[in-house]
Amino acid sequence: MGNMKKKINKKKVVSICPVGMIKTKCPSIKRTRNIRVKLLTLQRERNSDAGQISKLRLALKEKKKKGIAVDCKTCNYNTTESHATTASQE
């Protein structure tokens, strides 16, 4: 039982990522998820600030346009700088 290999779920690995980061550990996806959670909690409040909701929506749209490869350069898991630049140019 101790010799069992841990299987990697290919669907959970980020395809653009140069180091093959798992989605749950990717800092870029985590930031996007945090924006989405803040947006959802604000929308559920009765007296929510419309300006703040629109800012979060805009941030989420910008993040979606740019993609997760933008944060590859600043990712602490990415050890090779040359791979990060090629991933963000695609």
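Going by the structure above, here's the rest.
The model shown is predicted, which means the values in this text are computed figures rather than measured ones.

S.K.: What exactly am I supposed to notice about the pattern of salt bridges here?
M.R.: Opposite charge on two side chains permits them to pair, given that their charged atoms come into close proximity. This structure, assessed with the given rule, holds 3 salt bridges. Among the ionic pairs, Arg-31 bridges to Asp-71, the shortest N-O distance being 3.0 Å. Residue Arg-31 is located in helix H1 (residues 27-44), and its partner Asp-71 is located in the loop between helix H2 (50-66) and helix H3 (81-89); the two are separated by 40 residues in the primary sequence. Classification of Arg-31 by relative accessible area gives partly exposed; the value is 40%. Overall, Asp-71 belongs to the buried group, its relative accessible area being 16%. Taken together, the shared-partner salt bridges connect Arg-31, Lys-63 and Asp-71 into one network.

S.K.: Is there a simple way to explain the packing of H1 against H2 in this structure?
M.R.: For any two helices packed against each other, the geometry comes down to the angle between their axes and how far apart the axes lie. Axis separation between H1 and H2 bottoms out at 10 Å; the angle between their running directions is 155°. Put simply, H1 runs roughly antiparallel to H2. For H1 against H2, the interelement crossing comes out left-handed. Within the contact between the two elements, H1 uses Ser-28, Arg-31, Thr-32, Ile-35, Arg-36, Lys-38, Leu-39, Leu-42 and Gln-43 and H2 uses Gln-52, Ile-53, Leu-56, Arg-57, Ala-59, Leu-60 and Lys-63. For the contact of H1 with H2, a count of residues per class yields 7 nonpolar, 4 polar and 5 charged.

Thresholds, definitions, all that
Residues numbered from 1 in each chain as written. Predicted model: local features only at pLDDT ≥ 70, side-chain atom pairs only at ≥ 80, totals over all residues. Heavy atoms only, no water. Salt bridge = Lys/Arg side-chain N within 4 Å of Asp/Glu carboxyl O. Helix = DSSP H or I, 4+ residues; strand = E, 2+ residues; numbered from the N terminus. Buried < 20%, exposed > 50% of the residue type's maximum accessible area, 1.4 Å probe, protein only. Axes fitted to C-alpha atoms, helices over the stretch in contact; angles between N-to-C directions. Parallel < 35°, antiparallel > 145°, perpendicular 65-115°, else oblique. Left-handed = near helix turned anticlockwise from the far one by under 90°. Contact = heavy atoms within 4.5 Å. Nonpolar A, V, L, I, M, F, W, Y, C, P; charged D, E, K, R; others polar.

All quantities given are derived from atomic positions and should not be read as evidence of function.
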